[in-house]
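# Structure assessment
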Amino acid sequence: MKASCARDPDGDAAIRILIVDDDPTTCLLLRSFLEKRGSHVLQADNGVDGIALYREHAPDLVLMDVMMPELDGLETTRLIRDIDPDHASPILFITALDDERQLAACVAAGGDDFLSKPVSRIQLDAKLDSWLRIQDLYQVVRRQRDALDVLQQLNQQDKRLAGEVRDCAASIQRINQQDGLSAAFHPADILGGDFLVLAHDPSGRCFLLLGDFTGHGMAAAMGVVPVAQTLERMAALGADAEDILTTLNRDLVDYLPVSLFLSMALLVIEPGGDRIRIWNAGMPDLVCVRAGDIVHRVASGLVPLGVQRDMPPFAAAAVELPIEGGDCWVGFSDGLLESVGDRGEALGQQGVEQALLGDWLQRDDFEDALQGHAESSHVADDLTIFRLEPARLAAAGGGAAGGEQPLWRWRMSLHAEQMRNGLQGPSIAASLACVHPLSERAQRELGIVLGELLNNALEHGVLGLDSSLKDDASGFSAYYGERERRLRTLQGGMIHLDIRCYRMPDTTHALRLFVIDSGDGFDYRRRATQQHNGTLAGRGLSIVEEFCTGLRFLGRGNALEAEYRLGGNTNPIRED
């Protein structure tokens, strides 16, 4: 077993070639030819040593004798192929055989080509040049394949993780636990752009949003979580559907690429469960089935959200209808329209409605019905469908009026331009005095409270400023310098203020102040530390607490509730 290397600057200095042959004359001739090429030569005079050299050096090409004692070339080749199942190194048999069956046996053992004895220099060079070019191409393809495998694995892992996050935001399972509401979802990929979100507000109003982002897969799914969070967060604060839709549209325009937009349908069951309001922006017709017939159809009346900043008034685009006991509303994504029916044609709106009236709505296994259809129609897009019985959902508590109703309610939404013009708590308090009698002291204190709440939402929510900058006087100055800089360049963002007046058991009145911002939130858990370490941070909300009987943070701190008592500081709001 030998190894040597003779290098030619213009030759194959990096090429390792293994000779396995028990004939010294043949080996000497081959070595002479190969070393003149500048190849690195490995030599074994039997199959056992040849296998050992192959394991140790992984040569680029093997020249194999057929007839050898103990372990012939055929068996040696088979064992090498077991070591290297990808056939990375070509094996060329050196043989004087001319029997076709014996040559076929060489190929069957894993050989790639033949060199006839006696070997000529011209024949050897031609064969080597040809197979080494093939070997180079093979190595390139194999590296590309391995790289693609890694990327595919990472992509699948990312999709699974993103899918888990997405499903937490829009869970079909959670929706199917509601009496009077069921849904099914069949993604075209691990991730999809279709989703459903269910939310409730403090008055008992129920929001159901069916969404379909452009396309499918990772790009389509990236907007699901922020949309779901915004809907649930604003609904929890009692925001109207019009304000929620305005905020969603502005956020999508501001933060998503122009190629990504949201077709959606929003259904709102009003408190009491006797009326339903519907907005359709780019989705297929929603239909209401009663006693086996379609009695209402709500077509799209708006462009999808995220397409244009200035949308027509959402209040004017709503379709409001009464709810009767047997009503069943059905909504679905356009993937269902494009899926194929029994005749091999796209179902379309008419085909889906026929299926609904024929079988789908009568089946308890709603998800199985969609799954069976998806498997038989070879769908190329996400499929989502829901079945809503508003009266049942309301009777079960999902849409019924809940909680006390306010005596009056005052709301406003501030966007970038209004925020740049300044947040005037005292002027808002003066406006409230026109709605409800306020003492001079109450108006002054409310002005302070509203100013601090709005500035907290602006600075820590919309502008994303960190209170730790205000650890000392110089940091305090730097903080407000940065505040002014960010405010001047502010393009998006929103602050929603909702004030409700309630009559308390002792006949006094209380104002509950709800503030929600579009930012990532305020880390209110740091307040206890800030309040006791002597810094200048965290003092604004401490002032609010001096005047209010309760202060509650919601979500990640981008929403909070405070209560201001008119005529006494008793009965604070319950801290849930």
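Coordinates for the structure precede this section.
Described in the following lines is the structure provided in the data block. All figures in this text were calculated on a predicted structure; none of them were measured in a lab. (Residues numbered from 1 in each chain as written. Predicted model: local features only at pLDDT ≥ 70, side-chain atom pairs only at ≥ 80, totals over all residues. Heavy atoms only, no water.)

### Side note on the overall build of the chain
- Across its full length, the chain carries 20 helices and 21 strands.
- Within the chain, the fraction of its 576 residues that count as buried is 50%.
- Restricting to contacts in the chain with at least 6 residues of sequence separation, those with at least 24 account for 67%.
- For the chain, the exposed surface amounts to about 26600 Å²; the carbon and sulfur share of it is 51%. (Helix = DSSP H or I, 4+ residues; strand = E, 2+ residues; numbered from the N terminus. Buried < 20%, exposed > 50% of the residue type's maximum accessible area, 1.4 Å probe, protein only. Contact = heavy atoms within 4.5 Å. Areas by Shrake-Rupley, 256 points an atom, 1.4 Å probe, with all protein chains shown as cover.)

### Examining the packing of aromatic side chains
- By the definition in use, this model includes two aromatic pairs.
- Considering the side-chain rings of Phe195 and Phe213, the 5.9 Å spacing of their centres and the 25° angle between planes classify their relative orientation as stacked. Taken together, the residues Phe195 in strand β8 (residues 194-200) and Phe213 in strand β9 (residues 206-213) connect sequence positions 18 residues apart. Judged on exposure class, the residue Phe195 and its partner Phe213 are both buried.
- With a centroid separation of 5.0 Å and 75° between ring planes, the pair formed by Tyr479 and Tyr480 is classed as edge-to-face.
- On the basis of relative accessibility, which here comes to 31%, the residue Tyr480 falls in the partly exposed class.
- Seen from the ring of Phe514, Arg500 lies directly overhead, with NZ or CZ sitting 4.2 Å from the centre. (Phe/Tyr/Trp six-rings, centres within 6.5 Å; stacked < 30°, edge-to-face > 60°. Lys NZ or Arg CZ within 6 Å of the ring centre and 35° of its normal.)

### Here we look at the pattern of salt bridges
- Taken as a whole and judged by the stated rule, the model has 32 salt bridges.
- As a salt-bridge pair, Asp125 and Arg121 come within 3.0 Å of each other at their nearest N and O atoms. Placement of the pair is Asp125 and Arg121 together in helix α5 (residues 121-169), with a separation of four residues, close to one helical turn.
- When the shortest N-O distance is used, the salt bridge between Arg486 and Glu482 registers 2.7 Å. Within this pair, Arg486 and its partner Glu482 are both found in helix α18 (residues 473-488), separated by four residues, close to a single helical turn.
- With a relative accessible area of 27%, Arg486 lands in the partly exposed category.
- Each of Asp201, Arg205, Glu242, Glu270 and Arg277 takes part in one network of salt bridges that share partners. (Salt bridge = Lys/Arg side-chain N within 4 Å of Asp/Glu carboxyl O.)

### Some points on the sheet that holds β9
- Spatially, β8-β9-β10-β11-β14 is the arrangement adopted by the five strands of the open sheet, whose pairing is antiparallel. The outermost strands of the open sheet, each flanked by one partner alone, are β8 and β14 (319-322). Averaged over all pairs of adjacent strands, the angle between strand axes in this sheet comes to 15°, irrespective of strand direction.
- The sheet contact formed by strand β10 (residues 262-269) and strand β11 (residues 275-281) spans six bridges and is antiparallel. Paired with Leu266 across the bridge in β11 is Trp279.
- Packing against the sheet, helix α8 (residues 224-236) makes contact with β8, β9 and β10, and its axis sits at approximately 15° to β8. (Pairing = 2+ DSSP bridges. Axes fitted to C-alpha atoms, helices over the stretch in contact; angles between N-to-C directions.)

### Some remarks on the nonpolar core
- Counting residues in each nonpolar core, the largest one holds 41 residues, and the members touching the most others are Met419, Leu453, Ile495 and Ile499.
- Sort the elements by how many residues they give to this core and helix α17 (residues 440-462) lands first, with nine residues.
- Those residues in contact with Ile495, other than ones at most four positions away along the chain, are Met412, Ser413, Leu414, Met419, Leu423, Leu454, Ala457, Leu458, Val462, Val515, Ile516 and Asp517.
- Ranked by size, the runner-up nonpolar core spans 35 residues in total, among them Phe195, Leu231, Ala241 and Leu305. (Core = buried A, V, L, I, M, F, W, Y, C linked by side-chain atoms within 4.5 Å.)

### With respect to the state of the cysteines
- One pass over the full model with this rule turns up zero disulfides.
- Take Cys288: it sits in no disulfide, and the sulfur closest to it among the cysteines is that of Cys328, at 7.5 Å. (Disulfide = S-S within 2.5 Å.)

### Things to note about the sheet that holds strand β16 (residues 383-388)
- With antiparallel pairing, five strands are arranged side by side in an open sheet as β7-β16-β15-β12-β13. What marks the edges here is a single partner per strand, and that holds for β7 (181-186) and β13 (293-298). When strand polarity is set aside, the average angle formed by the axes of neighbouring strands in this sheet is 20°.

### Description of the side chain of Thr549
- Relative to the assigned elements, Thr549 resides in the loop between α20 (539-547) and β20 (550-554).
- Here the side chain of Thr549 touches Glu563 through a polar contact of 2.9 Å, side chain to side chain. (Polar contact = N/O pair within 3.5 Å; in protein donor to acceptor, adjacent residues only side chain to side chain.)

### A closer look at helix α2 (residues 47-57)
- Of all the positions in α2, only Gly47, Gly50, Ile51, Leu53 and Tyr54 are classed as buried. Projected down its long axis, α2 carries its buried residues within an arc of 165°, all on one side. Seen from the open side of α2, the exposed residues pointing more than 90 degrees away from its buried face are Arg55 and Glu56. (Arc of directions from axis to C-beta.)

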